[in-house]
Amino acid sequence: MDCIFCKIIRGEIPSSKLYEDENCLAILDINPVAFGHTLVISRRHYPEFLDAPPEAMTEFMKTGYKVIGAVVKGTGAEGYNLLVNNNRCAGQVIPHLHLHVIPRKNGDGLRFEWNPRPYPEGEMEKIAKAIKASLP
Ligand code: AMP
Ligand code: ZN
């Protein structure tokens, strides 16, 4: 398959490998937003989060947990962001499930551009109802 992360997993493209096990591979992001920015990549090719069955996500996050701890400790981070982009509109560039681990320091200047805005009258209740009705 012509997927850059599958190629990294198969060893066809070099990477700065930090850890691997049967669930995933952790590498340094080649274009980091902070030094130590790490990608925990699912060994299996799932295009996005909801394509992976819950059991696979559990195993993936078990490994992710280990890697997150190591990134925080190894970089001396004072905080960290965990991020999964899903689909192009959400900023996903590589459609292969991966978790960004971004180590943070006080005053590091890194900004994620949130654009919070209030709900118009009645909209919050409407959306809550739609989400609840969609629960399995
Ligand atoms: P996303 O936007 O969530 O799909 O993130 C993809 C990430 O993969 C970006 O942060 C890229 O910098 C990173 N990336 C792309 N190619 C490579 C590569 N060959 N090795 C390591 N990281 C990569
Ligand atoms: Zn892939």
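The structure we're discussing is the one just above.
Reference entry: report on the structure contained in this document. Sequence positions are assigned chain by chain, starting from 1 and proceeding in written order. Key to labels: chains lettered from A, ligands numbered from 1, both in the order written. Totals for whole chains, interfaces and linings use all residues, but because this is a predicted model, local features are given only for residues with pLDDT of at least 70 and pairs of side-chain atoms are given and counted only at 80 or more. Computation of side-chain values covers all heavy atoms of the structure but excludes hydrogens and water.

1. Observations concerning helix α3 (residues 123-134)
Each turn of an α-helix holds 3.6 residues, which means side chains three or four residues apart point in the same direction.
Part 1 of the reasoning: Strands here are runs of E lasting at least two residues and helices are runs of H or I lasting at least four, both read from the DSSP assignment and numbered beginning at the N terminus. Here, expected helix span is obtained from the residue count minus one, scaled by 1.5 Å. Between the first and last C-alpha of α3 there are 17 Å, a value that for 12 residues agrees with the 16 Å anticipated at 1.5 Å per step.
Part 2 of the reasoning: For every residue, the accessible area (1.4 Å probe, protein chains only) is compared with the maximum for its type, and the residue is labelled buried under 20%, exposed over 50%, or partly exposed between those bounds. With zero of its 12 residues buried, α3 lies for the most part at the surface.

2. Structural notes on the site of ligand 1
Part 1 of the reasoning: One heavy atom within 4 Å of a molecule or strand is enough for the residue carrying it to be called near that molecule or strand. Taken together, 16 residues form the shell around ligand 1, and within it Asp29, Gly91, Val93, His98 and His100 come nearest.
Part 2 of the reasoning: One of the backbone N or O atoms of Ile94 is found 2.9 Å from an oxygen atom in ligand 1.
Part 3 of the reasoning: Here an oxygen atom of ligand 1 sits 2.8 Å away from a polar atom, N or O, in the side chain of His98.
Part 4 of the reasoning: Here ligand 1 loses 84% of its free accessible area of 510 Å² to cover by the protein chains.
Part 5 of the reasoning: For the shell around ligand 1, the element with the most residues is helix α1 (residues 4-9), which contributes three residues.
Part 6 of the reasoning: Residues are sorted three ways: Asp, Glu, Lys and Arg are charged, Ala, Val, Leu, Ile, Met, Phe, Trp, Tyr, Cys and Pro are nonpolar, and all the rest, Gly among them, are polar. In the shell around ligand 1, the residues fall into nine nonpolar, six polar and one charged. Think of a polar contact as two N or O atoms within 3.5 Å of one another; within protein, one of them needs to be a possible hydrogen donor and the other a possible acceptor, and neighboring residues in sequence only count if both atoms come from side chains. Surface accessibility follows the Shrake-Rupley procedure with a 1.4 Å probe radius. Residue values consider only the protein chains on display as shielding.

3. Section: the coordination of the zinc ion (ligand 2)
Between any two of four tetrahedral donors, the ideal angle at the metal is 109.5 degrees; between two of six octahedral donors, it is 90 or 180 degrees.
Part 1 of the reasoning: Only nitrogen, oxygen and sulfur atoms count as donors, using a 2.8 Å cut-off from the metal that widens to 3.2 Å for Na, K and Ca. Water is left out, so coordination shells may look unfilled. Summarising the metal site, the zinc ion (ligand 2) is bound by the protein donors Cys3 (SG), Cys6 (SG), His45 (ND1) and His96 (ND1), whose distances to it range over 2.0 to 2.3 Å.
Part 2 of the reasoning: Taken together, the four donor atoms coordinating the zinc ion (ligand 2) span angles of 103 to 118° at the metal, a pattern that classifies the geometry as tetrahedral.
Part 3 of the reasoning: Every donor residue of the zinc ion (ligand 2) comes from the same chain, spaced as C-x2-C-x38-H-x50-H. Linking Cys3 in the segment before α1 with His45 in the loop between β3 (38-42) and α2 (54-75), this pair joins segments that are 42 residues apart in sequence.
Part 4 of the reasoning: Among the residues examined, Cys3 registers a relative accessible area of 6% and is labelled buried. Geometry is assigned from the angles between donors: four donors with all angles from 85 to 135 degrees make a tetrahedral site, four or six donors whose opposite pairs exceed 155 degrees while the rest stay between 65 and 115 make square planar or octahedral sites respectively, and everything else is labelled irregular.

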